[in-house]
Each structure stands twice: as structure tokens, then as C-alpha cells.
Amino acid sequence: MNRIIPTLLLLIVSLFLSSCKEGQANSKPQTLDINMYLAAASSNDVSPTSEQLDMLRVVVPEEHFQLAPSISDRDYWEGIAATDSGKLYVADARSDLNFAPEVPITDSIYRLANKEGNRDIYKPRYYRTMTRLEHFMLAECIENKGLFLPQIEVYLEAILSMKSWLHPNHDNESNDVLEGNSMAIDLGSRRFGSDLALAEVLLQDKLSADIRENIKVALQKRIIDAYLQSTSGETQTHLNWYTGTSNWNSVCTSGAVFVTISTSQNYNERLQAVGTAINSMKSYISGFGDDGYCSEGAGYWGYGFGHYLYLSEIIYDFTNGAINLFAFDDPEKLENVANFPYRYQIAEGVFSPFADGVTKISYDGGFAKRMVARKYGAGFPWVNKNLKTSDTYPSFYQLIEWNYMIAEKDGGESVQVVNKLPDHTYFDQFGMVLSRGNQDIPLSIAIKAGHNSENHNHMDVGTYTIVMGKDIMAGDIGAPSYTAGAFSDDNPARSSWGHPVPRINNMLQSKGRRFEGKITATAFSESRDKVVMDMKAAYEIPILNNLERIMENDKSGNGSISITDAFSLSEPGHFGIAIMTLSDYEIVDAHTVILKTANHTLKTEVSSEDGFLKITDERVPVERLREGGPAYRIGVDFTQPISQGSITLRFTPVF
């Protein structure tokens, strides 16, 4: 008996200590140390190292991720059904039942779109397919009456039958993905895959066993394997977006991660997907300036950073807050990025169409707008709710918004933050200035230096946009529509020929990182803003000694904006600049051009003390521009070769 008691005590203590150790092993830190994690990354690829995987195992749960409860959770879905947004969603889905499915998209259409670079014969079908399928799936979850199931299965089977989920213009010339010779993920396939994954996790046994099995096989091959094998270097692909700084990285990564953590049967695959995404997002965020500047413009900010916010949300929710990409490794920079659209406005709701940007951004359900307000307290531009892009508001965003609506008991709009635009904004890292007038009808300008290897670059160092009130009067004409030849360096709207920058001896700016502009001086006050820019390095011209652009915005009275280009050459050469416009115009004489919109009139006075000038106008020979058109190039050139001189454009309102 005396021997038994000590033995029992020893056993109890042993079990207690073992339990403590097990509890310690299962305990998880509040957050992953992102800086420590990134420090352990490989310099060769974005796939997580063994050290990084060890860190992740502590914080990544072993169960699958569930973006929203499945259709069987009737309390959740009946709660959504009672909301105005839930009712509207069902109404939209019922309306979509009137349209015949447009999938599968045939191989012949795919090959033709690939060969011609013609997006119009493919992408509208793709967007409509995704939107309708997503409406059907969520509406079926809300109603649970089987009304939408037949169409859902038709759409799913059609998508599964397609040999390639890529946008055709993203396959290579040999159509290797279509022909089954390789596998890759692009902006299109990540959404096809995401929708199939959503169907599986939401509808489950409402779908036939065959469809569920085919979804599982297709997602494993086309998304999970394609993502993990290409990012680890196990297989090669012609689409290497996962190390890039453009919107492709965040958009494709978010889709690949959602599919993997929601449907993969392998914990290590889910672990690797999360780890790869963190490493990959280091590259994506590096594409923004520390001041938040996005060289892709406000439109692509909404697309790219919107998906970054979506990715951050699903990883945060999946790990119960242990991995926080909303702060990442530089919370201050992320806050600046979140505030970019508001700070990028020239006037309320008006943006420069630099690179492939747009002058007005779409609402698209307001996901990015509400998320930056929630997470960063960021203001957001006024947005026309009727203005939408073809990519439409995806169901993934809607599910997140419903989750917030339930948690916060708000309709989403209450999180909007309102700020007042300052007199000027200076993104000093990229060399971008917005100088805003303070008149009753403000005269404002955005002007940028930058470099000619930015995302969606147009070889446009020194370009600008002048706005009167809310009308764009002169300057950058924006991008060509995404049709065949749109991305060619020879496209007039993509080269510096189609931008309001100098042309020297008929030579334009060169392409590459070293061809850049530098803002060398600034002066900002309530009455006048001034920017001095060195543009010499943007040109690969041996005889060019100096090239300086000086912008002054005189905010007194009705306002005036002047742009002076001063240059020197080592020998006489031809020098000219351009007034670019989408407005109506009249060339009054050799020194005066009048620009007109439906609302405003702006006089442009052309002057130089160094020689005679001529004005020659011509239409930009691009049939389709994203900002409409036609656009015109009004050339202002010295009539004779000259070694040194300057040309000044002075823009003043006419009332």
C-alpha cells in the first residue's frame, strides 16, 4: 500500500507535466512575426523555406477555411435573406435566369482571341458567366429551394469541360495551356477556380457526386498544383506574376490561396500556399512607394489592392488573426497605400489617366472603399455608384461584407471616412505632384516625373493633366483600349509621342528603369505652387545637354498654369512639345489655342523668346482609347534647328 501511493503520485505528476507540455506545444502566439518570417525567406523563390514552415505550423490551423457557412446553416442564411442586400441579391439572380449560359467558351473562339489579341470575343462571355454563376450560388444558399441548382450545374459542367481557364491572350503563341502542354494561373483562371471552390464549400451535397469529384480533380491540377509547383520552381510557366509588383500578383495569389486553403485535402499544401502568399506579397507591396504611390493608377489600385485586402481578410480569418497582412511588415506604408486613391484626386472624383489609369474609378460594390475605412481609417473619393467595371463585384467580396454586416450591425456605408482635399499632394518617392486650385471653379494640375519601367508604363516622364472644375482640359490622354496591338511600344498612345512631353530631333523617350525624371525643387503656398523637374535622363540623345520642365500654378484670381520646357543641345537640333487633348479645340493663331468642353473654356498661350514657333495639329491614330476620343496632338515646334531655348505654355480660364 505504501509503495502504491508514491507510484500513483508519480504517475499523476507525470501526466500533469505531460499535459502542460502538450498544452504549451499547442499554444499559439497572437500573431506571426512577419519581419522574422520574411527574414527567413529564400532569395531564389517565393516558396516558404523549412524555417518559415516551422513558424507557420504554430499559427495555421489544421482544418479547412470556410469563407461563409454552408447552405445547411439555415440560421445564417435566413438572417441574410432578411436583409435588403440579401433580397436584392436574390432578385439579381432571378433576373439572370432569363439568360442562356455562354459557356463553355469554345476552343475556336479561344484560338482566335489568342491569335488576334481580341478580348471582345472572349472576355464579355467570361465576365457574364462568372457574375451569373456567383449570383446563382449565393441566391441558392439564401433561398434553399433548388430553383438555381439546375443552372448552377450547367455552368459548373461547362467550366469543367473547358481545356483552359486562362484568358486566351495570356496563353502563349502555341496555346500550350489549351493544348495541355503546360499549366498556368492568370486573372481568369483564378476566378474560374475560385467559383468552383465556392460551389463545393457552400453547396456541398446539393451538387451531384460526379460534379463534386470533377471539381476536386480540376482544382487540384489547375490551381493547387499549378500554384505550388510553379512558385517552388518545380515546374516552369510563362506567367511569373508571383514575383511581380503589379495587380496580377495580388489578384492571382488571392484566388490560388482561397482555392487551396478551402479545398485542398493536404495540410502541407494549405500551409505552403499561405507561406508562399506572404513571401509573394512582399514583392507586390514593394511596387508601391513608401508614400503609398501606385504607378498603376487609381483604377488598378482598386483591382490590385482590393484583392490584397481580400487576401489579407481570408488569411486573417483563417488563422484567427495570427497572420495580419493588413499591417504586414510596414504598417505605416500600408496605411499610406490605403489612402492613395483619396490623395490621388486632382479634383473630387477626378484622376489622372497616367499609364493605364482611368479618370474616374468604378464603385464595384464599394469593397475596397469600406475595407480601407475599416482597417486604416482612410478616406475615399466620391464614386458614382452606377460606374462599374466589367470585372463586377465578386461574390467573395459580398460574403465578406455580409460577415461584417452581421458582426458590426451596419450596412457598410457607415464606415465611410470623409476628408478634405489639401491644396497640394506630393508623392516625393515617385516624383508626383498634385497642385489644386482654390478658385470657385478650381484650376488644377497633376504632373509626374517617375521612370519608364513603371507598371503599365507609357514612356511618359513629365506628363501632366490639367483640370478645370471637374473637366479634364489638356494633358495625358490615357491608355489605348485593350485590343490587338494595345501593348505595343509602337502604339502612339503608349509612346511619348502621344503625351505632352518634348520631342527632340524626332526622337522620343526611351524605355527602361534608367530613363527617368527627377523633381529637383518644389515650392508650395496657398497662392502659388511650383515644381522643377530634370527630364534629361528620360531621353537617350547624345546631343542633349539639359532638359528642364518648370510648372507653376498661380492660384490668384481665376488662376493660371504655366509649363516651361528649357533645353540645351551640343549642336542645333529640332525641338518641340505637344498639347494633348480629348477636348474640342480651335487654333486661333501661331500663339493661341482654345480648348473647350461642354462646361469650360481654357485658353493656351504659346510663347518663346528664342525663335519662331509653328503649331501643327493631328489626330492620334488610335481607334479606341479608354477615355473615349478622338484625341489630338497639337504640336508646338521651333521652325528652325536651335541649340538652346525654351517654350512656355500658359493655360488660363475663359469666362
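Quick summary incoming for the structure in this document. (Residues numbered from 1 in each chain as written. Predicted model: local features only at pLDDT ≥ 70, side-chain atom pairs only at ≥ 80, totals over all residues. Heavy atoms only, no water.)

### So, the overall build of the protein
Each helix and strand in the protein was counted, giving 17 helices and 19 strands. Taken along its principal axes, the extent of the C-alpha atoms in the protein is 115 × 65 × 50 Å. Taking all 655 residues of the protein together, 58% fall into the buried category. Taking the contacts inside the protein whose residues are at least 6 apart along the sequence as the reference set, 72% of them involve residues at least 24 apart. Accessible surface, the protein as shown: approximately 26800 Å² in total, 49% of it carbon and sulfur. Charge centroids of the protein, computed over 58 positive and 82 negative side chains, lie 2 Å from each other. (Helix = DSSP H or I, 4+ residues; strand = E, 2+ residues; numbered from the N terminus. Buried < 20%, exposed > 50% of the residue type's maximum accessible area, 1.4 Å probe, protein only. Contact = heavy atoms within 4.5 Å. Areas by Shrake-Rupley, 256 points an atom, 1.4 Å probe, with all protein chains shown as cover. Lys, Arg positive; Asp, Glu negative; His and termini not counted. Charge placed at Lys NZ, Arg CZ, Asp CG, Glu CD.)

### Re the sheet that holds strand S2 (residues 432–435)
Taken together, the 5 strands give an open sheet; going across it, the order is S1-S2-S3-S5-S6, and neighbouring strands pair in antiparallel fashion. Strands with a single pairing partner mark the edges of an open sheet, and in this sheet they are strand S1 (424–427) and strand S6 (471–475). Across the sheet, the axes of successive neighbouring strands diverge by a mean angle of 10°, strand direction being ignored. (Pairing = 2+ DSSP bridges. Axes fitted to C-alpha atoms, helices over the stretch in contact; angles between N-to-C directions.)

### Observations concerning the packing of aromatic side chains
The final tally for this structure, using the stated rule, is 37 aromatic pairs. Residues tryptophan 77 and tryptophan 402 carry aromatic rings whose centres are separated by 6.3 Å and whose planes lie at 90° to one another, so their mutual orientation is edge-to-face. Pair noted here: tryptophan 77 is in helix H4 (residues 74–81) and tryptophan 402 is in helix H17 (residues 395–408), with a separation of 325 residues, a long-range link. A relative accessible area of 0% places tryptophan 77 in the buried class. Three or more aromatic residues joined by ring pairs make a cluster, and in this case those are Tyr110, Tyr122, Tyr126, Tyr127, Trp165 and Phe192. The lysine or arginine in question, arginine 222, covers the ring of tryptophan 165, its NZ or CZ lying 4.4 Å from the ring centre. A cation sits over an aromatic face here: lysine 375 above phenylalanine 326, 4.6 Å from the ring centre. (Phe/Tyr/Trp six-rings, centres within 6.5 Å; stacked < 30°, edge-to-face > 60°. Lys NZ or Arg CZ within 6 Å of the ring centre and 35° of its normal.)

### Remarks on H4
For an α-helix, the turn length of 3.6 residues means that residues three or four places apart are oriented alike. Those residues of H4 lying buried are Arg74, Tyr76, Trp77 and Ile80. What you see down the axis of H4 is that its buried residues fit within an arc of 160°, all on one side. Contact partners of the buried residues in H4: helix H5 (84–96), helix H7 (123–143), helix H9 (187–203) and H17. (Arc of directions from axis to C-beta.)

### Quick look at the sheet that holds strand S10 (residues 528–534)
Strand order in this open sheet of 8 strands is S9-S10-S11-S12-S19-S16-S15-S14, and the pairing throughout is antiparallel. Every other strand in the sheet has two partners, leaving strand S9 (518–524) and strand S14 (584–589) as the edge strands with one partner each. On average, adjacent strands in this sheet sit at an angle of 15° to one another, irrespective of strand direction.

### Here we look at the environment of asparagine 35
In this fold, asparagine 35 is placed in helix H2 (residues 34–39). Sequence-wise, asparagine 35 and glycine 478 are 443 residues apart; in three dimensions their C-alpha atoms are separated by 38 Å.

### Some points on the nonpolar core
Ranked by internal contacts, the top residues of the largest apolar core, which has 145 residues, are Ile278, Phe305 and Ile323. Top element by residues in this core is helix H13 (residues 297–318). It accounts for 12 residues. With residues near it in sequence (within four places) discarded, isoleucine 323 still touches Leu32, Ile34, Leu56, Val59, Val60, Val274, Ile278, Ile315 and Tyr316. If you look at the next biggest cluster of nonpolar residues, it comprises 44 residues, including Leu547, Phe567, Leu595 and Ile615. (Core = buried A, V, L, I, M, F, W, Y, C linked by side-chain atoms within 4.5 Å.)

### Details of the pairing of S14
Within a regular strand, side chains alternate between the sheet's two faces. In the sheet, S14 pairs with strand S15 (residues 592–596) via 5 bridges, with the strands oriented antiparallel. The residue of S15 that forms the bridge with glutamate 586 is isoleucine 594. The turn joining S14 and S15, which pair antiparallel and follow one another in sequence, is formed by 2 residues.

### Description of the side chain of serine 194
By the secondary structure assignment, serine 194 is in helix H9. At a separation of 2.7 Å, a polar atom in the side chain of serine 194 contacts the main-chain carbonyl oxygen of arginine 190. When near neighbours in sequence (up to four residues on either side) are disregarded, serine 194 contacts Gly255, Phe258, Val259 and Phe396. (Polar contact = N/O pair within 3.5 Å; in protein donor to acceptor, adjacent residues only side chain to side chain.)

### Concerning the pairing of strand S5 (residues 464–468)
With 5 of its 5 residues buried, S5 lies for the most part within the structure. Burial along S5 is two-sided: Tyr464, Ile466 and Met468 facing one way and Thr465 and Val467 facing the other are all buried. Taken together, the 5 bridges between strand S3 (residues 443–448) and S5 define a ladder with antiparallel strand orientation. Residue pairing for S5: serine 444 is matched across the bridge by valine 467. Here 4 bridges tie S5 to S6, and the two strands are oriented antiparallel to one another.

### A word on the pattern of salt bridges
By the definition in use, this model includes 26 salt bridges. Residues aspartate 290 and lysine 333 are paired through a salt bridge, measuring 3.8 Å at the closest nitrogen-oxygen approach. Taken together, the positions of aspartate 290 in the loop between helix H12 (267–286) and H13 and lysine 333 in helix H14 (residues 331–338) put the pair 43 residues apart, joining distant regions of the chain. Here arginine 528 makes a salt bridge to glutamate 552, at a shortest N to O gap of 3.3 Å. With arginine 528 in strand S10 and glutamate 552 in strand S11 (residues 544–554), the pair connects residues that are 24 residues apart, well separated along the chain. (Salt bridge = Lys/Arg side-chain N within 4 Å of Asp/Glu carboxyl O.)

### Some remarks on the packing of helix H3 (residues 50–59) against H12
Running from amino to carboxyl end, H3 crosses H12 at an angle of 110°, the nearest separation of the two axes being 10 Å. Overall, the two elements H3 and H12 adopt an arrangement that is roughly perpendicular. For the pair H3 and H12, the sense of crossing is right-handed. Residue-level inspection shows Gln52, Leu53, Leu56 and Arg57 of H3 in contact with H12, the latter providing Tyr267, Asn268, Leu271, Gln272, Gly275, Ile278 and Asn279. Residues that form the contact of H3 with H12 fall into these classes: 5 nonpolar, 5 polar and 1 charged. (Parallel < 35°, antiparallel > 145°, perpendicular 65-115°, else oblique. Left-handed = near helix turned anticlockwise from the far one by under 90°. Nonpolar A, V, L, I, M, F, W, Y, C, P; charged D, E, K, R; others polar.)

### Some thoughts on the packing of helix H11 (residues 247–263) against H12
At a minimum axis distance of 9 Å, the contact between H11 and H12 shows a crossing angle of 170°. As far as their axial angle goes, H12 and H11 are roughly antiparallel. Between H11 and H12, the contacting residues are Asn247, Asn249, Ser250, Thr253, Val257, Thr260 and Ile261 on the first element and Glu269, Arg270, Ala273, Val274, Ala277, Ser280, Met281, Ser283 and Tyr284 on the second. For the contact of H11 with H12, the class distribution of residues is 7 nonpolar, 7 polar and 2 charged.

### Digging into the side chain of threonine 652
Inspection of the secondary structure puts threonine 652 in strand S19 (residues 642–654). Given the relative accessible area of 11%, threonine 652 is considered buried. Excluding residues within four positions of it along the chain, threonine 652 makes contact with Gly559, Ser560, Thr601, Leu602, Lys603 and Glu605.

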